[in-house]
Each structure stands twice: as C-alpha cells, then as structure tokens.
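Below are the chains, spelled out letter by letter.
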Amino acid sequence: MGTTTLSESRSRMGSAVQRRTFEMIDDDEDQVREDLEKYGNEHDRRDMARMGKIQEMRRNFKSLTVLGFCAILMCSWESLLSTASLALTNGGSAGLIYTWLMAWAGFNAVYASMAEMASVAPTTGGQYHWVSEFAPPGYQAFLSYVVGWLGVLGWQTLVTSIAFQAGTEIQGLLALNYDTYVFARWHGTLFVIAIIVFALVFNTLLASRLNLVEGAILVVHVFGFFCMLVPLWVLAPRTPSRVVWTQFHDGGWNDIGLSTLIGLITSVLPLLGADASVHMAEEVQDAARTIPQSMMWSINLNGLMGWLTAITFCYCIGDLDQVLQTKTGYPFIQVIFNVTQSYPATNFLTSIVLLMATFSCVTIMASASRQMFAFGRDKGLPCSSWLSQVHPRLGVPVNAVLLSTAISILLSLINIGSTVAFSSLVSLGSGTLMVSYIVCIGCFMWRRWAGEPMPPGPFSLGAWALPVNIIALCYLALVFIIAFFPAVPLPELNAAGMNWSSLIFAVVVVWAIAYYFIWSRQVYEGPVKFVKKADGGGELTSRSGHLSRTL
C-alpha cells in the first residue's frame, strides 16, 4: 500500500476547504433567496412597514411572472375575438379598429396614473387603500369604504364573466361539430362551474406554482396570437381596405357616432384589469418598481396584439350577416371554420382561445380573492377576521378564495333562469371598476392641487402627471356612461334586452352606504390609520390624517 505525501495531503485539505467555502456560499445564496420570497427586498419591507401591514404571503412573483399574470388576466386578443359581435353591430369594422385605438390610449393614461399610486403604496388593497391615503381627511373612511365594496363586487363578477365566456365557447365547439347539439343554458352553467372549480384548485393546492404557470401561459398567449392570425392571413379572402377602414355600421341608433361609441365596450373589456398586479403586490418582489412596469408593459403588449387582431379579423370576416348569425354563438369560430374549412383546425385554434380564457379565470380569481382578503383585513367586510386569514402552509388567503368560488358559482346559476339577467349582472364589473378608478385618480389629483406633500416612489410621471390624470378621468367618465347603455335602441328594445346593470349598480352603492352608516362606521377606519411617517428620530409613527414621508 502506498504512502500519502505531504503535498498530496495539503492538496486534499485545500480541496476540502474550497468545497466547504462553496457550500457556505451556496447556503448564503439559498438564505437570501428564501428571505426574498418570505419578506421581499429592503424596499418591500420599508413599504410594508410604512403602510402598517404584516408580511403574511410569500413573494413568489418577479418581473416576468407578474407581467404574465397581468397579460393573461387581460387576455386581450382572445377576449376581442369573443366579444367582437357587439362592435361589428355597433360601429362596424372601422368602428372596431378606431375604438380599439381610443381604448388603448385611454387605458394608457389610466394605468399610468394608477402605476404612480402603486409605486407609492404597493398594497393588495389597491384602489380603496389609495383613496383612504390620498382623499381629503374628512372623506377618507367613507370614500374608501364604498370603493372597497365596488372593487370586491367588480372583481367577483369578472370571475363569473370570464368563466361564462370559456364555458359557452365549449358549447360553440359542440354546436360546430355536432349538428344535433342544441344550446341549453344549464349545459353552459355546468361548464362555467367546472372552470371556476379548476380556478379554485390552482389558487389553493397549486398556489405555490401559480407564478411559474403564469410565465408558461404567457408564452402560449404570445405564440397563440401568431397561430391564430397566420392562417387567417394566408387562407382568408380579403375584404377591400376601403370597407375595412372607412365603413361604419349603425346598429339602429340613427347616429353613426353614438352607435360606434356603444361598440367601444368591446374594446374596453379586453383591456380592463391591468391593475390586477396591484392586488398581488404583497406577493411580488420589489413591488414598488415591478408593478408599475408590469402594468405599462401589459397594456401596451395587449393593446398592440389586440389591434392587429381587430384589423386581421375585419379583413377576413367575409359575409358579416352570415357570421353574426352563426349557430356557434361566436362569430370568430365561424370565421375560422369558413377560412380553414377544417373541423380539426377550427377546434385547435378555438381551443387556444378557450385555454387562455380558462387561465384568465385563474388569475382573476387570484385578484378577486386578494381584494377580498385585503378589505377584510381592514374590517370592511362581514366576517373580516375569517376572510383575512392566510393559510400557514399554502401561504394564500384560502378562506377568501373559497368564498370567491362560492359566490361565482351562485352567480352562474342565474344563467339557468335568465341569460339576460345574468349578462346584466356580470357586465356590472366594468362599471364598478371604472368608478373605483375615477375616485382614486381624483383623490390623487386633489392631493396635487392642494399642494400636499407627495410620497416619493420609483415610478413618477413628473410634469406630465396632471395632464395624464385629467385625460384618464375624461376617458373613464365616458366609458362609465357607455357601460350602462343597452345593446339595441328603441323600438327594438324591450324589458328582456334592457341593460339592468345600472339598477344593480345603484342597489350595490346604496347598500354599501347604508351598511357603512349602520354598522361599519363603528369599526372601519380605513387603512390610512395604519400608515406611518418618519418622525424626527427616523422612527415610523402612525397617523390617520395627511401623509408625508422622509427617506
């Protein structure tokens, strides 16, 4: 047996020391990564301390995954295909193309305004927190309470709305493939419930992997866009450019301009919801910087893809009357079949849209449950202590997810009795969110006009802030009014076709106000009570009036 030399022993000792050194470095990196997922970076911890909130959920989302979250929730080009019939009836092809540009520009102003607020206060509460923090002191509690209720309602109806879209698209494929299939409301409702339950599973048992799924589905969102449009570009007969870009259609309003504005809602719905990342703020690393970036990237990425889809669809639509009367219920399914003349191709391309709508339901439920959790944490809802609990192992507000699921399923049952009543209820989401946007941006503008000190944040509009805020409010006011118009005018309009969402909206607002004065006024003080500022000694102290921060 040979002997070990002194040089070999030293070499082995050196190798052991190096291995231990590298292991220690790896351990340090693992610890840093674990701390980032638990508490975020220094800026996240500072912002949570300033807002008086405890970090309870894991910060699994980073720049790309939170961008995927926003982009998938908006589901722009997919939703445009699903809702295009309203714009084609009111405004025609030219109306759809130009109103999309209008909505795209308008939402850029809206989300830029909200991105600035998200940079200052990156909290799951979102709009109602900002109202509480930036509104005049005498109105903070009341306004934030009403906005909180509208936000909870708006996001909750959006869960059911997107699930309904996906469920009825399944019915559309059944109608295309089987001539004997007859649409039944209860069939669609069962599909809706199945999709909602699928979203429940992802938001509870698979919640720790939700960020990874969002990143993967973002790839499908982008590449599916080309899978859909390339066959249409190659195979479809072309509608003349003069018709596509200049021909408007009056849906019976005896006014082309008004009819086109009614069709604006088709462009609003697919671009609604970029603020979803705000409601995930306490699960995002470096939230004050990442969330504003994700909002602006998602609105412009989806805006561009949606506009190209609108142009392509208008060039390839063919006989408009025949397409609008399709037995599938969705004109885009009929257009794909007319172009490809293939059932497998139509099924595949429609399945891309269906898949995206399903995962959009997953992301919307995540935002809806976080909004419910945050409002419950601030004692704005009944059973607040139960709703604000975070599951110790899953790291998500499971109780809020379960309640969101139950409400969505109950709302879907309305479709069995009346599709008109169901549509009026779920269309309420856009109107309620518009109001929440208007109030929070208005409070932010008041703060500027009043000369109050503005807390700094990494995202700022600078000198453009006030003009952008004004443009955003003008656009939102227009959309809010249009959202309550019926789809058809007199004399065709009847009680069944009336847009009853205006009545439902009024009932909800009255309920929120009454509930506040009867009960919540004694317990709800608004999140501004917990917001802190730096005192002379550098310590954070609580206050419930105006806010200033010294860094």
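Values in this document were obtained by computation on a predicted structure and should not be read as measured data.

Thresholds, definitions, all that
Residues numbered from 1 in each chain as written. Predicted model: local features only at pLDDT ≥ 70, side-chain atom pairs only at ≥ 80, totals over all residues. Heavy atoms only, no water. Helix = DSSP H or I, 4+ residues; strand = E, 2+ residues; numbered from the N terminus. Buried < 20%, exposed > 50% of the residue type's maximum accessible area, 1.4 Å probe, protein only. Contact = heavy atoms within 4.5 Å. Patch = residues over 30% accessible without salt bridge, like charges linked within 9 Å, V, L, I, M, F, W, Y side chains within 5 Å. Areas by Shrake-Rupley, 256 points an atom, 1.4 Å probe, with all protein chains shown as cover. Salt bridge = Lys/Arg side-chain N within 4 Å of Asp/Glu carboxyl O. Phe/Tyr/Trp six-rings, centres within 6.5 Å; stacked < 30°, edge-to-face > 60°. Axes fitted to C-alpha atoms, helices over the stretch in contact; angles between N-to-C directions. Parallel < 35°, antiparallel > 145°, perpendicular 65-115°, else oblique. Nonpolar A, V, L, I, M, F, W, Y, C, P; charged D, E, K, R; others polar. Core = buried A, V, L, I, M, F, W, Y, C linked by side-chain atoms within 4.5 Å.

**Considerations on the overall build of the chain**
A tally of regular secondary structure across the chain gives 22 helices and 2 strands. The burial tally for the chain puts 55% of its 551 residues in the buried class. At a minimum sequence separation of 6, the contacts of the chain that also span at least 24 residues come to 80%.

**Observations regarding a nonpolar patch on the surface**
A surface patch of nonpolar side chains, amounting to about 510 Å² of accessible area, comprises Trp186, Leu190, Leu410, Leu413 and Ile416. Among the elements that line the nonpolar patch, the one with the most residues is helix α18 (residues 398-417), at 3 residues. Mapped onto the elements of the fold, Leu410 is located in helix α18.

**Notes on the packing of aromatic side chains**
Aromatic ring pairs are reported here in terms of the distance separating the ring centres and the angle at which the planes meet. This model, assessed by the stated rule, comprises 32 aromatic pairs. Aromatic side chains Phe202 and Phe359 sit 5.4 Å apart centroid to centroid with 75° between the ring planes, which places their arrangement in the edge-to-face category. In this pair, Phe202 is assigned in helix α8 (residues 185-204) and Phe359 in helix α16 (residues 343-377), connecting sequence segments 157 residues apart. Among the residues examined, Phe359 registers a relative accessible area of 9% and is labelled buried. On the numbers, 5.2 Å between centres and 80° between planes, the contact of Tyr516 with Phe517 is edge-to-face. Owing to a relative accessible area of 7%, Tyr516 belongs among the buried residues under this scheme. Residue Phe517 is classed as partly exposed on the basis of its relative accessible area of 41%. A connected cluster of aromatic rings, assembled from ring pairs, spans Tyr128, Phe142, Tyr145, Phe375, Tyr516, Phe517 and Tyr524.

**Topic: the packing of helix α6 (residues 127-134) against helix α7 (residues 140-177)**
Two packed helices can be described by the angle between their axes and the distance between those axes. Axis separation between α6 and α7 bottoms out at 8 Å; the angle between their running directions is 170°. Taken together, the axes of α6 and α7 lie roughly antiparallel to each other. Residues Gln127, Tyr128, Val131, Ser132 and Glu133 of α6 touch α7, and the partners they reach there are Gln140, Leu143, Ser144, Val147 and Gly148. Broken down by class, the residue content of the contact of α6 with α7 amounts to 4 nonpolar, 5 polar and 1 charged.

**As for helix α15 (residues 331-340)**
α15 sits mainly inside the fold: 9 of its 10 residues count as buried. Buried within α15 are the following residues: Pro331, Phe332, Ile333, Gln334, Val335, Ile336, Phe337, Val339 and Thr340. On its buried face, α15 sits against α4 (76-89), α7, α9 (210-235), α13 (287-316), α14 (320-324) and α16.

**Side note on the pattern of salt bridges**
What the rule picks out here adds up to 10 salt bridges. Here Arg448 ties to Glu116 by a salt bridge, and the two come within 2.7 Å at their closest N and O atoms. Taken together, the positions of Arg448 in helix α20 (residues 428-449) and Glu116 in helix α5 (residues 92-120) put the pair 332 residues apart, joining distant regions of the chain. Look at Arg448 and you get partly exposed, because its relative accessible area is 25%. Between Asp286 and Arg289 there is a salt bridge, with the nearest N and O atoms lying 3.6 Å from each other. Take Asp286: its relative accessible area is 19%, and that puts it in the buried class.

**Remarks on the nonpolar core**
Ranked by internal contacts, the top residues of the largest apolar core, which has 149 residues, are Phe107, Val110, Tyr111, Met114, Trp130, Tyr437 and Ile441. Counting residues per element, this core draws most heavily on α16, which supplies 17 residues. With residues up to four places along the chain from it excluded, the contact list for Val110 reads Tyr437, Ile441, Ala472, Tyr475 and Leu476.

**As for the environment of Arg50**
The topology assignment puts Arg50 in helix α2 (residues 42-50). Arg50 sits in the buried class, given a relative accessible area of 1%. Arg50 sits 480 residues away from Phe530 along the chain, and the two C-alpha atoms are 8.1 Å apart.

**Structural notes on α6**
Counted residue by residue, α6 has 8 buried out of 8 residues, so it is predominantly covered. Looking only at α6, the buried set comprises Gln127, Tyr128, His129, Trp130, Val131, Ser132, Glu133 and Phe134. Elements in contact with the buried residues of α6: α2, α5, α7, α16 and α20.

**Topic: unusual backbone geometry**
Residues other than glycine seldom take positive phi values, yet Cys75 does so here, at roughly 50°. Here Cys75 shows up in the loop between α3 (63-74) and α4. With phi around 55°, Gln341 is a residue other than glycine that occupies positive phi space. Tracing the backbone through its elements, the reader meets Gln341 in the loop between α15 and α16. Gln341 gets classed as exposed once you look at its relative accessible area, which sits at 56%.

**Observations concerning the packing of α5 against α6**
The interhelical angle for the contact between α5 and α6, taken along N-to-C directions, is 75°, at an axis separation of 11 Å. One way to sum up the angle between α5 and α6 is to call them roughly perpendicular. Every residue of α6 that contacts α5 at Met114, Met117, Ala118 and Val120 is listed here: Gln127, Trp130 and Phe134. Residues of the contact of α5 with α6, tallied by class, amount to 6 nonpolar, 1 polar and no charged.

Geometric values such as these leave the question of function open.
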